[in-house]
Amino acid sequence: MTYDAPDFLVGRGGLTVAVEATTTNRARNEAGSLPRATREEFPHIPEDVADSEAELIFQSAKALRGKTRPRGASGRRYWDTDPVKGGPFVVAVEAFHGDTSLFNGDPGLASYLYGRKWTSTRSADGSLIVDSEPIHEHTYGGKTIDSGLFFQPEMENLSAVLFSNAATITQFPRLGIEYGMGDEGVVVVRRGTQFVRDPNEEAPSLFQYAVEEGQHRETFATGMRLLHNPNAVHPIPEGFFPEIAEHRLRGDGLVEMTVPRFLPFNSVTYIVKSEDS
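Participant: Any chance you could explain the packing of aromatic side chains here in plain terms?
Facilitator: Aromatic rings considered in pairs are described by the distance between their centres and by the relative angle of their planes. Applying the stated criterion to the full structure yields nine aromatic pairs. Ring geometry for Trp 79 versus Phe 89: centroids 6.0 Å apart, planes at 65°, classification edge-to-face. Placement of Trp 79 in the loop between helix H1 (49-68) and strand S3 (89-96) and of Phe 89 in strand S3 is noted, with a sequence separation of ten residues between them. Residue classification places Trp 79 among the buried positions, given a relative accessible area of 6%. Between the aromatic rings of Phe 207 and Phe 262, the centroid separation amounts to 5.2 Å while the plane-to-plane angle is 90°, which identifies the pairing as edge-to-face. Of the two residues, Phe 207 is situated in strand S10 (residues 205-210) and Phe 262 in the loop between strand S13 (255-258) and strand S14 (264-273); the sequence distance between them amounts to 55 residues. When its relative accessible area of 8% is taken as the criterion, Phe 207 is described as buried. Residue placement shows Arg 71 over the ring face of Tyr 78; its charged tip is 4.2 Å from the ring centre.

Okay, structure coming up:
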C-alpha cells in the first residue's frame, strides 16, 4: 500500500516513526536582503544575532504550523491519517529563509517549543548556575506569537521536532572525501563551534580540521537535534535515531541533553583547488 504522506516512515526495533520534512523559506519574490552580515569575510554571521534568532523562531513556527494544521479537503491532520495514526509523528525542519539563517542553533527553537527562557549566572566558587523561567510569547517585526508549541491544543500528537542547521550540500563532499571519493588537488577544511563536555562551560569551543580520507568525523546524523515533546501521547524512545543530540524538558524547566561524540553548533566549509590540479 502507498501513501502520499508522510515523507518518511522510519522503523527500528518494532516501532515505526512518521517523519514529515519542511524548511523555512524566503518570502515569494524576495531577492535576499535578510539580515546583513557583520563583515564581508564572515558572510554567514548575522549583523544582529538576537534579531536573527527571533526571526528563526517566527519562521520555524510558521513552518511547523503548516505541518500540524488540518490538511486539504478532509480537514484531517497528519496524525489522524494512515499510516501516521496511532504512532509517533515528527516534523523535521531546517532554516533557509535568509542568507544567515543557518548560523542559528536550536536555543531559539527550544524556547518556542518549550515556552521557557534560560539564563546563567556564576556561584561564589565559579560554578555555572542555569535558571529557567516561563515565557508566553515571542515578538519579531511588530508581530507576536504564543510560545510553548508543545503545550498548545492538539500538539500532544506531535512527538518531537527534528532540527538541523548542518544538512547542507557541503556535507556531501566532506563525507565523500572521508570515504575515499575526493579529488586530487582539492583541499577541504571545516571550521566552526562545537559543544563542550564541561558542566561549568557555557560557551562553545572552536574546532577546525582538514577533511581527510579514512578520518571519519561525521555522518548524515551529525548536527541533528531531536527536541522531545514532554506531553507526547506517542513518545519516541531514547536512542531511536542514533548519533543525534536529544533534548528533553525536565520538571524544573531545564533541558536534559543526550549528546553524541561530536556536536557542531555551526560551521563553514572551505574548498580550495590548486591551480595545477
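Following the structure, the description resumes.
Participant: Explanation requested: helix H2 (residues 107-114) in the structure shown.
Facilitator: Structural remark: α-helix, 3.6 residues per turn; residues separated by three or four positions point the same way. Summarising burial for H2: seven of the eight residues are buried, a large majority. Considered for burial, the residues of H2 that qualify are Gly 108, Leu 109, Ala 110, Ser 111, Tyr 112, Leu 113 and Tyr 114. Once H2 finishes, Gly 115 follows within two positions and takes phi at roughly 65°, a positive value.

Participant: It is not clear to me how a positive patch on the surface should be interpreted in this structure. Could you clarify?
Facilitator: Taken together, Lys 62, Arg 65, Arg 69 and Lys 143 make up a surface patch of like positive charges. By the secondary structure assignment, Arg 65 is in helix H1.

Participant: I tried to follow the sheet that holds S3 on my own but got confused; where do I start?
Facilitator: Sheet strands associate in pairs through backbone hydrogen bonding, adopting either a parallel or an antiparallel arrangement. One open sheet holds the seven strands; their spatial order is S1-S2-S3-S8-S11-S12-S13, and the pairing between them is mixed. Looking at strand neighbours, the two that pair on one side only are strand S1 (8-12) and S13, the edges of this open sheet. Between one strand axis and the next, the sheet turns by 25° as a mean value, whatever way the strands run. The pairing of strand S8 (residues 160-163) with strand S11 (residues 225-228) spans four bridges and is classified as antiparallel. From the neighbouring strand, Leu 162 faces S11, where its bridge partner is Leu 226. Lying over the sheet, H1 contacts strand S2 (15-25), S3 and S8, oriented at roughly 130° with respect to S2. Its contacts with the sheet place H2 against S3, S8, S11, strand S12 (245-249) and S13, and it is angled at close to 15° to S11.

Participant: Help me out: how do you make sense of the nonpolar core in this one?
Facilitator: Within the largest apolar cluster, 27 residues are counted, with the highest numbers of intra-cluster contacts made by Leu 64, Phe 89, Leu 109, Tyr 112, Leu 113 and Val 161. Elements with a minimum of two residues in this core: H1, S3, H2 and S8. Among residues more than four places away in sequence, those in contact with Tyr 112 are Ile 57, Ala 61, Leu 64, Arg 65, His 138, Ile 145, Asp 146, Ser 147, Gly 148 and Leu 149. Counting twelve residues, the second largest nonpolar core, distinct from the first, contains Val 17, Ala 160, Leu 162 and Ala 221.

About the cut-offs
- Residues numbered from 1 in each chain as written.
- Predicted model: local features only at pLDDT ≥ 70, side-chain atom pairs only at ≥ 80, totals over all residues.
- Heavy atoms only, no water.
- Phe/Tyr/Trp six-rings, centres within 6.5 Å; stacked < 30°, edge-to-face > 60°.
- Helix = DSSP H or I, 4+ residues; strand = E, 2+ residues; numbered from the N terminus.
- Buried < 20%, exposed > 50% of the residue type's maximum accessible area, 1.4 Å probe, protein only.
- Lys NZ or Arg CZ within 6 Å of the ring centre and 35° of its normal.
- Patch = residues over 30% accessible without salt bridge, like charges linked within 9 Å, V, L, I, M, F, W, Y side chains within 5 Å.
- Areas by Shrake-Rupley, 256 points an atom, 1.4 Å probe, with all protein chains shown as cover.
- Salt bridge = Lys/Arg side-chain N within 4 Å of Asp/Glu carboxyl O.
- Lys, Arg positive; Asp, Glu negative; His and termini not counted.
- Charge placed at Lys NZ, Arg CZ, Asp CG, Glu CD.
- Pairing = 2+ DSSP bridges.
- Axes fitted to C-alpha atoms, helices over the stretch in contact; angles between N-to-C directions.
- Contact = heavy atoms within 4.5 Å.
- Core = buried A, V, L, I, M, F, W, Y, C linked by side-chain atoms within 4.5 Å.

On their own, these measurements won't tell you what the molecule is for.
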